[in-house]
Amino acid sequence: SDVLSSDDREQVNAAFFRWKHNYGNATVYRTDELENSGEYAEVQLVTQRIENAQKTARDNIAKGVYLAGADGATGLTGLLSMCSTSLTTSYGGIVPNDLVAADGSKPWVGNVTTTSEVVSLDVIRTLASTAKIYDGPDGKPNYGFTTETLYNKIMSLLQAQQRYVKEGDAVKAGFLAMEFEGKKIAADDYCPSGDLFLINSNACGFGIHSKGYFARTEWRDLDGPAGKTMKIFWDGNLICSNRKAHALHTSLTTS
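Residues numbered from 1 in each chain as written. Predicted model: local features only at pLDDT ≥ 70, side-chain atom pairs only at ≥ 80, totals over all residues. Heavy atoms only, no water.

Enquirer: I keep staring at the overall build of the protein chain and nothing clicks. Help me out?
Expert: Check the secondary structure of the protein chain and you find seven helices and 13 strands. A compact globule built from 255 residues should have a C-alpha radius of gyration of about 18 Å, whereas the protein chain, at 23 Å, is more than 25% larger. If you line up the protein chain on its principal axes, its C-alpha atoms span 90 × 50 × 30 Å. Within the protein chain, buried positions represent 36% of all 255 residues. At a minimum sequence separation of 6, the contacts of the protein chain that also span at least 24 residues come to 73%. Surface exposure of the protein chain reaches about 14600 Å², of which carbon and sulfur atoms provide 49%. (Helix = DSSP H or I, 4+ residues; strand = E, 2+ residues; numbered from the N terminus. Rg over C-alpha atoms; globule rule 2.2 N^0.38 Å. Buried < 20%, exposed > 50% of the residue type's maximum accessible area, 1.4 Å probe, protein only. Contact = heavy atoms within 4.5 Å. Areas by Shrake-Rupley, 256 points an atom, 1.4 Å probe, with all protein chains shown as cover.)

The following block contains the structure:
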């Protein structure tokens, strides 16, 4: 005989992430060409400048992964944005206060632990549990990113058989990596000091435009000094489909 509720609560919505843009610039002045005469020297010079342009774009993207900018910022909508606990700041076009589940919870709020404490295996386990979306495969974070200082501390806590990781994507990409309870944890020079991110790759990744995956322009003459220039463009963003699937712990120390 209880009254049945007919209240409507919006539980599902579509996140929208803006395109963010990056580029690297390669320029060869006429004086460079004269100083590097001969076909071999010219090819080496151009190759070097293109590699430098690629590295510039790549490094800017790597730094941008950790940005805390709002949707409309020029940089990537980074991991700090994804994990933010602000109830009023739009992320992916959705304000967390505007998305309320039937039980009254707000599923579009980020997940951050700010307690100042020494990093430990129990800290990692607890953080992973806060980001669990369900039991079973793919329900918990499977990647972690932290500073080299914290990485080395975690490494010293693990027994040899616990930290063994096969050669895989992380190692091939040049990261120091270990594996702990189903999570590949890597050290990243761009990670903010004292931070440990646990990420579920099933709910986070890069969206890249088909025409913006390190796309090269043609070489053209410079408008001012004598020489030629070209650019390498990257167009995309870091996107997320479930903020609760990830977690950030700040203020971690080694002792």
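Next comes the rest of the write-up.
Enquirer: How do you make sense of the pattern of salt bridges when you look at a structure like this?
Expert: If the charged atoms of two oppositely charged side chains come close together, the side chains can form a pair. This structure, assessed with the given rule, holds seven salt bridges. Between Asp135 and Lys132 there is a salt bridge, with the nearest N and O atoms lying 2.9 Å from each other. Take Asp135: its relative accessible area is 61%, and that puts it in the exposed class. (Salt bridge = Lys/Arg side-chain N within 4 Å of Asp/Glu carboxyl O.)

Enquirer: What am I meant to see in the environment of Ser81 here?
Expert: By the secondary structure assignment, Ser81 is in helix α3 (residues 79–82). Taking the relative accessible area as the measure of exposure, Ser81 reaches 6% and is therefore buried. Distance in space between the C-alpha atoms of Ser81 and Asp71 is 8.7 Å, their sequence separation being 10 residues. Discounting residues that sit within four places of it in the chain, Ser81 has contacts with Leu67, Ala68, Gly69, Tyr91 and Arg243.

Enquirer: Any chance you could explain the packing of aromatic side chains here in plain terms?
Expert: In this description, an aromatic ring pair is defined by two values, namely the gap between the centres and the angle between the planes. Tallied over the full model, the rule gives six aromatic pairs. Relative to Tyr91, the ring of Phe17 has its centre 5.2 Å away and its plane inclined at 75°; by these criteria the two rings are edge-to-face. Of this pair, Phe17 sits in the segment before β1 (20–29) while Tyr91 sits in the loop between α3 and β2 (112–113), placing them 74 residues apart in sequence. Assigned by exposure class, Phe17 and Tyr91 land together as buried. Measuring from centroid to centroid gives 6.4 Å for Tyr23 and Phe233, while their planes differ by 50°, and the two rings are tilted. Of this pair, Tyr23 sits in strand β1 while Phe233 sits in strand β11 (residues 227–240), placing them 210 residues apart in sequence. Grouping aromatic residues by their ring pairs yields a cluster made of Phe17, Tyr91 and Trp108. (Phe/Tyr/Trp six-rings, centres within 6.5 Å; stacked < 30°, edge-to-face > 60°.)

Enquirer: Explain the pairing of strand β6 (residues 183–187) here, please?
Expert: The buried count for β6 comes to four of five residues, which makes it a mostly enclosed element. Where strand β4 (residues 143–146) and β6 come together, four bridges link them in parallel fashion. Counterpart to Gly144 in the pairing with β6 is Ile185. (Pairing = 2+ DSSP bridges.)

Enquirer: I'm lost on the pairing of β11 in this one. Help?
Expert: Along any regular strand the residues' side chains alternate between the sheet's two faces. In terms of residue burial, β11 counts as a mostly covered element, since 10 of its 14 residues are buried. Summarising the sheet, strand β9 (residues 215–216) and β11 pair through two bridges and their orientation is antiparallel. What sits directly across from Ala215, in β11, is Phe233. From the end of strand β10 (residues 220–221) to the start of β11, which pair antiparallel, there are five residues.

Enquirer: Mind showing me how you'd approach helix α5 (residues 148–157) here?
Expert: What sets the pattern is the α-helix's 3.6 residues per turn: residues three or four places apart point alike. Within the sequence span of α5, burial applies to Leu150, Tyr151 and Ile154. Along the long axis of α5, the arc covered by the buried residues comes to 105°, so they all point the same way. Pointing more than 90 degrees away from the buried face of α5 are the exposed residues Thr149 and Ser156. (Arc of directions from axis to C-beta.)

Enquirer: Could you clarify how one ought to interpret the environment of Glu218 in this entry?
Expert: With respect to the element layout, Glu218 can be found in the loop between β9 and β10. For Glu218, a relative accessible area of 70% translates into the label exposed. As for Glu218 and Asp135, which are separated by 83 residues in sequence, their C-alpha atoms are 51 Å apart. Residues contacting Glu218, with those up to four places away along its chain left out, are Thr229 and Met230.

Enquirer: Looking at this model, I keep getting lost on the state of the cysteines. Mind explaining?
Expert: By definition, a disulfide links the sulfur atoms of two cysteine residues through a covalent bond. Counting across every chain of the model gives zero disulfides. Considering cysteine sulfurs only, Cys240 is the nearest to Cys204, which forms no disulfide, with 5.8 Å between them. You can call Cys240 buried: its relative accessible area is 6%. (Disulfide = S-S within 2.5 Å.)

Such coordinate-based values are descriptive only and should not be taken to indicate function.
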